[in-house]
Amino acid sequence: MSVYRLQGGLSLAEYLLEPDDQVRSSDQELEQDGVSCLIRYGHLETHEPQWVSHARDLTGLSLSLPRMSPFAVLLIDEGKWVYALTWGDGYLMLDRETRADPGFGLAFAIRRLDEFHIGAMTLHSLDSSARTAQISYPGGADVGKYGVARFGEIVGRLRGSADLSDLTYGKSRKTKKDRIISGLDSLRVPVARQFDGMRSDLDAISRVVDSPTPDNSLRSVTAVRPIKSGHPMLPKLQTALVRSLKSKASKSVAQGTPLELAESSDELMSVKVLRLAGSGPMLIKVDELLEEIKGRIGRLDEHDVYDSLRTGSIQAYSDSTGTEKVRGTTSALKWLYFEKTIGNHRYILRSGSWYQIGENYVDQIRDEVSRLLENKYDVEFPLWNGSGQDSDENSYNKLAAERLGAVCLDAKFAKTTQNPKIELCDIYTSSHELVHVKWLGSASSLSHLIAQAEASISALTYEPAAMEWLTSQLNQSSKGRIIPKGVPSTVVLACGGRKWKARDLFAMSQINLLRFANALPPNVDLKFADIPYGPKPKAK
């Protein structure tokens, strides 16, 4: 049985979805101890399993084996909150997207689970890998053993032993053995079989959920939370994004890269805006997309902009002529990065999805990034006078490598089993340092820089073919003067166009930077270089 908490104020029937033709159900209103309730019960009739046809073929029998899944959902109106108790597939009847209190079960779990005996955890990565992992320890384990990254990872459902001493279950037990519960938006927990006891349990659960967050290892679990489609803040956030796009002075919106294109970000040269704001196709350079989006939505009514972005279609290419497609089309919304602080939370739009971050967590991130950026690369780079041309970065890397007595490996790609095309660095120095160079003109530029450095150090650490390729290139380019001595011990992130300052970086960029730094092998030092630069004119 699962418990959901929903915002009160509606008739109970409004919390339920209209049943489709596969649902055979009945709704019944009732009053229990003066409390209004509604129960929907019945069964789902779904198509028979695919294996049935195999059984028919083998036996020659006419087998009729439809799936029938019984369910029930009970709604209890407690004024401020409406509670839903679901059995079987009853949760499918609830309008969970727009009505459920997000993170209700998770909030209870982090306050009552034994932090040293977590049974299972689901992790979702915020980086370009979009990794999802479900990890369990049958005997329970502390949070540290689950390998939760301090930054850039969302913790989903938690399961483990919980203190239920203030619920009917805990009060009635002769032993003090904790019960296994799990929680995310819903809470799987035993409640009383009598109505008055059940109401008492729901009240106790809400008191726990609304109590201060405990100061333990589970505290960081709620630091970053995804925002679902029915979240009450979404209309405000969507309006804020639209107004920022329409404002010439706003710096809170930037161009990003859709997560599905992140691994190919260094290859992207042009995009074709196929459909947006009623205008036809247009092929432009990648770094011109934000201005193109602003121009197109500028003539729309404010209320129409968000839907236009969501349904707008963009195709990316790895060449400047719009010939070599990179994956399929993506929504225009996925190319935008946006941040907005409201109250004590920072809200972020990234690759079409919204996230909520606690402001204290943002401050903590900024402090750690500031300390990280203090590790400067004490080498003087030549002035970067941008030309605005596509070849600008490659020309600068050649100049910088020559001045530093290093080898330029920009636009040269290694090939390994896991990576058919990987750029190990832009410059390799005689001190055996990997230098990655980028003009930071947008939030996506920093993402590209970090992704390149991350893929490089991983390949050199775990794929012998990468080191063999690097050795071969250095032998050819330096005539044997620079020979790698195992995995380089220093990675340098060098930027032009701006200086490395934590306060100038978007929150998600800071999270990605910390995640990368914390994932580096312990013997690899991360340093930062500020490249002196002049203004970079736009390409003609």
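Residues numbered from 1 in each chain as written. Predicted model: local features only at pLDDT ≥ 70, side-chain atom pairs only at ≥ 80, totals over all residues. Heavy atoms only, no water.

**Details of the sheet that holds strand 15 (residues 313–317)**
With antiparallel pairing, four strands are arranged side by side in an open sheet as 14-13-15-16. Every other strand in the sheet has two partners, leaving strand 14 (282–285) and strand 16 (325–331) as the edge strands with one partner each. Shown here is a sheet whose adjacent strand axes are inclined to one another by a mean of 25°, direction ignored. Relative to strand 16, strand 15 runs antiparallel, the two sharing four bridges. If you follow I314 over to strand 16, its bridge partner there is T330. Lying on the sheet, helix 7 (residues 289–297) is in contact with strand 13 (270–275), strand 14 and strand 15; it crosses strand 14 at an angle near 140°. (Pairing = 2+ DSSP bridges. Helix = DSSP H or I, 4+ residues; strand = E, 2+ residues; numbered from the N terminus. Axes fitted to C-alpha atoms, helices over the stretch in contact; angles between N-to-C directions. Contact = heavy atoms within 4.5 Å.)

**A word on the state of the cysteines**
All told, the structure shown has zero disulfides when counted by the stated rule. Looking at C495, it has no disulfide partner, and the nearest cysteine sulfur is the one in C425, 17 Å off. Classification of C495 by relative accessible area gives buried; the value is 0%. (Disulfide = S-S within 2.5 Å. Buried < 20%, exposed > 50% of the residue type's maximum accessible area, 1.4 Å probe, protein only.)

**Brief notes about the sheet that holds strand 12 (residues 253–255)**
Pairing is antiparallel across the open sheet formed by five strands, whose spatial order is 11-19-18-17-12. Among the strands making up the open sheet, the edge pair consists of strand 11 (224–227) and strand 12. In this sheet, adjacent strand axes meet at a mean angle of 20° when their direction is disregarded. Where strand 17 (residues 336–342) lies against strand 18 (residues 345–350), six bridges are found, and the strand directions are antiparallel. Residue pairing for strand 18: T341 is matched across the bridge by R346. Packing against the sheet, helix 7 makes contact with strand 12 and strand 17, and its axis sits at approximately 125° to strand 12.

**Re the pattern of salt bridges**
In the structure shown here, the tally under the stated rule is 17 salt bridges. Residues R40 and D27 are paired through a salt bridge, measuring 2.7 Å at the closest nitrogen-oxygen approach. Placement of R40 in strand 3 (residues 35–46) and of D27 in strand 2 (residues 23–32) is noted, with a sequence separation of 13 residues between them. Taking the shortest distance from any N to any O, the salt bridge between K334 and E260 comes out at 3.0 Å. Residue K334 is found in the loop between strand 16 and strand 17, and its partner E260 is found in the loop between strand 12 and strand 13; the two are separated by 74 residues along the sequence. Overall, the relative accessible area of 29% leaves E260 in the partly exposed class. Several salt bridges converge on common partners, so that one network encompasses R5, D101 and D210. (Salt bridge = Lys/Arg side-chain N within 4 Å of Asp/Glu carboxyl O.)

**Concerning the nonpolar core**
If you look at the biggest cluster of nonpolar residues, it comprises 55 residues, and the most contacted ones within it are L493, W500 and L513. Where this core is concerned, the elements lending two or more residues are strand 19 (353–358), helix 9 (359–373), helix 11 (443–462), helix 12 (464–478), strand 23 (490–496), helix 13 (507–519) and strand 24 (525–530). If you tally residues by element for this core, the top one is helix 11, at eight residues. Excluding anything up to four places from it in sequence, W500 contacts L373, K376, L440, L446, L449, L493, C495, L513, F528, A529 and D530. Counting 37 residues, the second-largest nonpolar core is a separate cluster that includes C37, A107, A162 and V209. (Core = buried A, V, L, I, M, F, W, Y, C linked by side-chain atoms within 4.5 Å.)

**So, the environment of L274**
Assignment of secondary structure puts L274 in strand 13. Classification of L274 by relative accessible area gives partly exposed; the value is 29%. Each C-alpha atom of the pair L274 and A332 lies 9.7 Å from the other, and the pair is 58 residues apart in sequence. The contacts of L274, once residues within four sequence positions are left out, are S279, G280, P281, S313, Q315 and T329.

**A look at the pairing of strand 14**
Taken together, the four bridges between strand 13 and strand 14 define a ladder with antiparallel strand orientation. Bridge assignment links V273 to a residue of strand 14, and that residue is M282. Connecting the antiparallel pair strand 13 and strand 14 is a turn made up of six residues, with A277 showing a positive phi of about 55°.

**Structural notes on helix 10 (residues 392–404)**
With 13 residues, helix 10 should reach 18 Å at 1.5 Å per residue; the first-to-last C-alpha distance of 18 Å fits that figure. When helix 10 is considered as a whole, its buried residues turn out to be D392, Y396, N397, A400 and A401. Buried residues along helix 10 cover an arc of 155° about the axis, so they all sit on one side. The exposed set on the far side of helix 10, more than 90 degrees from its buried face, consists of K398 and E402. (Expected span 1.5 Å × (residues − 1). Arc of directions from axis to C-beta.)

**As for the side chain of R112**
Inspection of the secondary structure assignment puts R112 in helix 3 (residues 104–112). A relative accessible area of 18% means that R112 is categorised as buried. When residues no more than four places from it in sequence are discounted, the contact partners of R112 are S161, A162, D163, D166 and V208.

**Re unusual backbone geometry**
The phi dihedral of A411 is positive, around 65°, even though this residue is not glycine. If you trace the backbone, A411 turns up in the loop between strand 20 (407–408) and strand 21 (427–428). Looking at A411, the relative accessible area reads 45%, which means it is partly exposed. The phi dihedral of H432 is positive, around 60°, even though this residue is not glycine.

**Brief notes about the pairing of strand 4 (residues 67–77)**
Here strand 3 pairs with strand 4 via ten bridges, running antiparallel. When the bridges of strand 4 are listed, R40 appears paired with V73. As paired elements, strand 4 and strand 5 (residues 81–88) share seven bridges and run antiparallel to each other. Bridging from a neighbouring strand, F71 pairs with G88 of strand 5. With antiparallel pairing between neighbouring strands as the criterion, strand 4 and strand 5 make up a hairpin whose turn holds three residues, including G79 at a positive phi of roughly 85°.

**Quick look at the environment of L10**
Mapped onto the fold, L10 is located in the loop between strand 1 (2–7) and strand 2. Owing to a relative accessible area of 26%, L10 belongs among the partly exposed residues under this scheme. In the structure, L10 is positioned 67 residues away from D77 in sequence and 9.3 Å away in space, judged by C-alpha atoms. Non-local contacts of L10, meaning those with residues more than four positions away in its chain, are made with Y15 and R99.

**Concerning the packing of aromatic side chains**
All chains considered together, the criterion is met by seven aromatic pairs. Summarising the aromatic geometry, the rings of F338 and W354 are spaced 6.1 Å apart at their centres and angled 85° between planes, so their arrangement reads as edge-to-face. Taken as a pair, F338 in strand 17 and W354 in strand 19 lie far apart in primary sequence, 16 residues in all. Residues F338 and W354 agree in their burial class; the two are buried. Note on W384 and W439: the rings are 5.1 Å apart at their centroids and 80° apart in plane angle, and the pair reads as edge-to-face. Residue W384 is found in the loop between helix 9 and helix 10, and its partner W439 is found in strand 22 (residues 433–439); the two are separated by 55 residues along the sequence. For the pair formed by W384 and W439, the shared burial category is buried. Counting every residue linked through ring pairs, the aromatic cluster contains W384, Y396, W439 and Y533. (Phe/Tyr/Trp six-rings, centres within 6.5 Å; stacked < 30°, edge-to-face > 60°.)

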